[in-house]
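# Reading the structure
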Amino acid sequence: LNFNMHSLLRKIRSCQECEKYLPYGARPIVAASKKTKILLISQAPGRVVHNNGVPWSDKSGANLRKWLGVNDEIFYNPDIFGIIPMGFCYPGTGKSGDLPPRPECAPLWHEALISKMSDVKLYLLIGAYAQKYYLGKRREKNLTETVKNYKAYLPTYFPLPHPSPRNNIWQAKNKWFGEEVLPVLKEKIRDWV
């Protein structure tokens, strides 16, 4: 795909590749610039984000910004944070929450997008889908072990659980995350903001 960043983002935002599988239609959510320093690779937008078009503008996003130690102004500056989900559109809801991200998006768009960003210093891999795609066989047997072993993936990747309020139980069971991992995460983020 031989586009400049602006044209590529416009092309992604108008993508209809998997519209027929999306119960609420296609509305690709993406934010990036060629100067992006920290790349957030997450699952897929939720319903709130689908409706308002603003990435991470829900309770999960509020939790994520708290984890990162940044305010909205910093978080929504695409020169600092790029946001590219594994699936760019809201996939709909299943029995136990949102459906998995559509499999078409990452292979179709990620490499092209990342190739336009020359300053990325850190990839935040949020959730199992991003970790599986980017870490492959290097990841541990499950998300908890992968996050616990985060130092093995630095300085390039920093695996994280999803900051959804649904994961409060996970955080309560895994106190080490708040005590050991989040302070290191905030320190890494401070290096680039």
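Residues numbered from 1 in each chain as written. Predicted model: local features only at pLDDT ≥ 70, side-chain atom pairs only at ≥ 80, totals over all residues. Heavy atoms only, no water.

This part covers the layout of surface pockets. The volume enclosed by the largest pocket comes to roughly 750 Å³. Lining the largest pocket are 28 residues, with Gln43, Ser60, Asp98, His162 and Ser164 sitting closest to its centre. Looking at side-chain class alone, the lining of the largest pocket contains 13 nonpolar, 10 polar and 5 charged residues. (1 Å grid on protein atoms, 1.4 Å probe; cavity = no way out; pocket = protein on both sides within 12 Å on 5 of 7 lines; lining within 4 Å. Points joined across faces, edges and corners; volume = space filled by probe spheres on them. Nonpolar A, V, L, I, M, F, W, Y, C, P; charged D, E, K, R; others polar.)

The next point concerns the sheet that holds strand 5 (residues 122–126). If you trace the 4 strands from one edge of the open sheet to the other, you get 2-1-5-6, paired in parallel fashion. The open sheet is flanked by strand 2 (81–83) and strand 6 (157–160), the only strands paired with a single partner. In this sheet, neighbouring strand axes are inclined to one another by 20° on average, regardless of whether the strands run parallel or antiparallel. Looking at chain direction, strand 1 (residues 38–41) and strand 5 are connected through 4 bridges and run parallel. Within strand 5, the position partnered with Ile38 by the bridge is Leu122. (Pairing = 2+ DSSP bridges. Helix = DSSP H or I, 4+ residues; strand = E, 2+ residues; numbered from the N terminus. Axes fitted to C-alpha atoms, helices over the stretch in contact; angles between N-to-C directions.)

Quick look at the pairing of strand 6 now. The alternating pattern of strand 6 places Tyr157 and Pro159 on one face and Phe158 and Leu160 on the opposite face, and all of these are buried. Bridge count for strand 5 against strand 6 is 4 bridges, and the pairing is parallel. In the sheet register, Tyr123 faces strand 6, and the bridge partner there is Tyr157. (Buried < 20%, exposed > 50% of the residue type's maximum accessible area, 1.4 Å probe, protein only.)

What the rule picks out here adds up to 11 aromatic pairs. Ring plane angle 70° and centroid distance 5.0 Å describe the contact between Trp67 and Phe177, whose orientation is recorded as edge-to-face. Of this pair, Trp67 sits in helix 3 (residues 59–68) while Phe177 is found in helix 9 (residues 175–190), placing the two residues 110 residues apart along the sequence. Each of the two residues, Trp67 as well as Phe177, counts as buried. Between Tyr123 and Tyr157, the aromatic rings sit 5.3 Å apart at their centres with planes inclined by 55°, giving tilted as the arrangement. A residue pair is termed long-range when its members are at least 10 positions apart, and Tyr123 in strand 5 and Tyr157 in strand 6 qualify at 34 residues. Of the two residues, Tyr123 and Tyr157, both sit in the buried class. (Phe/Tyr/Trp six-rings, centres within 6.5 Å; stacked < 30°, edge-to-face > 60°.)

This part is about the pairing of strand 5. For a regular strand, the rule is simple: side chains alternate between the two faces of the sheet. Within strand 5, 5 of the 5 residues are buried, which leaves it mostly tucked inside the rest of the structure. What you see with strand 5 is no split at all: Leu122, Leu124 and Ile126 on one side and Tyr123 and Leu125 on the other are buried throughout.

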